[in-house]
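Residues per chain are reported as follows:
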Amino acid sequence: MEAMQKRAKRRQNTRRGIIVGIVAVVVLGTGALLFSSKSPPTTTTTVAPTTTTTAAAVVSPSSVHFTALTDPSPAGVWGKAPTLVVPPGAPPTKPELANLITGTGPGAVNGDKFTVEYELATYSTRKVVQSSWSTSAFSDTLEPGGLIPGWVEGMQGMKVGGRRELILPPLDGYQDTSPGTGIAANDTLIFIIDLLKLSK
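1. What to know about the overall build of the protein chain
Part 1 of the reasoning: Along the protein chain, the regular secondary structure elements total two helices and seven strands.
Part 2 of the reasoning: Going from N to C terminus, the protein chain has its helices and strands arranged as α-β-β-β-β-β-α-β-β.
Part 3 of the reasoning: Residues classed as buried in the protein chain amount to 34% of the 200 residues present.
Part 4 of the reasoning: Summarising the internal contacts of the protein chain: among those between residues at least 6 apart in sequence, 75% fall at separations of at least 24.
Part 5 of the reasoning: Accessible surface computed for the protein chain: about 12100 Å², of which carbon and sulfur atoms make up 61%.

2. Overview of the pattern of salt bridges
Part 1 of the reasoning: For the coordinates displayed, the defined rule picks out two salt bridges.
Part 2 of the reasoning: Lys200 is the partner of Asp112 in a salt bridge, and the nearest nitrogen-oxygen pair spans 3.2 Å. Of this pair, Asp112 sits in the loop between β2 (96-101) and β3 (113-122) while Lys200 is found in the segment after β7 (189-199), placing the two residues 88 residues apart along the sequence.
Part 3 of the reasoning: With a relative accessible area of 3%, Asp112 lands in the buried category.
Part 4 of the reasoning: Here Asp194 and Arg163 are joined by a salt bridge, their closest N and O atoms 2.5 Å apart.

3. What to know about the side chain of Gln156
Part 1 of the reasoning: Within the element layout of this structure, Gln156 appears in the loop between α2 (149-154) and β6 (163-168).
Part 2 of the reasoning: The buried category is assigned to Gln156, whose relative accessible area is 15%.
Part 3 of the reasoning: In this structure the side chain of Gln156 is engaged in a polar contact, spanning 2.6 Å, whose partner is the side chain of Asn110.
Part 4 of the reasoning: Within the local environment of Gln156, its side chain forms a polar contact with the backbone oxygen of Val152, the two atoms lying 2.9 Å apart.

4. Brief notes about the nonpolar core
Part 1 of the reasoning: Counting 21 residues, the largest nonpolar core has Phe114, Trp151, Met155, Leu166, Leu168, Phe191 and Ile193 as its most contacted members.
Part 2 of the reasoning: Sorting the residues of this core by element identifies β3, α2, β6 and β7 as the ones contributing at least two each.
Part 3 of the reasoning: Leave out the neighbours within four places in its chain, and Phe114 touches Phe138, Ser139, Asp140, Thr141, Leu142, Leu147, Trp151, Met155, Leu195, Lys197 and Leu198.
Part 4 of the reasoning: In this structure, Leu69, Leu84, Val86 and Ala98 belong to the second largest nonpolar core, which totals ten residues.

Calculation rules
- Residues numbered from 1 in each chain as written.
- Predicted model: local features only at pLDDT ≥ 70, side-chain atom pairs only at ≥ 80, totals over all residues.
- Heavy atoms only, no water.
- Helix = DSSP H or I, 4+ residues; strand = E, 2+ residues; numbered from the N terminus.
- Buried < 20%, exposed > 50% of the residue type's maximum accessible area, 1.4 Å probe, protein only.
- Contact = heavy atoms within 4.5 Å.
- Areas by Shrake-Rupley, 256 points an atom, 1.4 Å probe, with all protein chains shown as cover.
- Salt bridge = Lys/Arg side-chain N within 4 Å of Asp/Glu carboxyl O.
- Polar contact = N/O pair within 3.5 Å; in protein donor to acceptor, adjacent residues only side chain to side chain.
- Core = buried A, V, L, I, M, F, W, Y, C linked by side-chain atoms within 4.5 Å.

Okay, here's the thing in structure tokens:
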């Protein structure tokens, strides 16, 4: 009888030990899971925009890769209607850019609101087909969707008081559509832009 009681007590102690061990493993495992599943905090870093001074000839903004405009129009006087000259020969197959007059202050970036005067000529007509100088200045926001790709990319870094000439092949302009008189489908466009105002 005594031996049976001792065996029963041993079994009971063994069971308790096993139960305590299982509980300890479950508690420790749950704690480990909780701590390991917490994701690290996300850190947001704000980088101040930088202003790059470029040579008077060319700027290469973001994804549209502009090359130097080989035969730019005369610089003229900022704030007065420019003399836009369509270069001779076939239109270029890649976008071209020239700073005819360099402005001052911060350069334009996506999301900025701007006001410009501009002239537009086309290779199909070889003459000016639109001019804000004869109507009113043009205002918009520098962002994809509202403007043709060549304007969004071609105005990057432009400063108030600056005059820039852009030549935009169809892919960077209106592509295979004709948005108005003098602009053919798949036309190459030539713009001269004076930046009057810029704000965030």
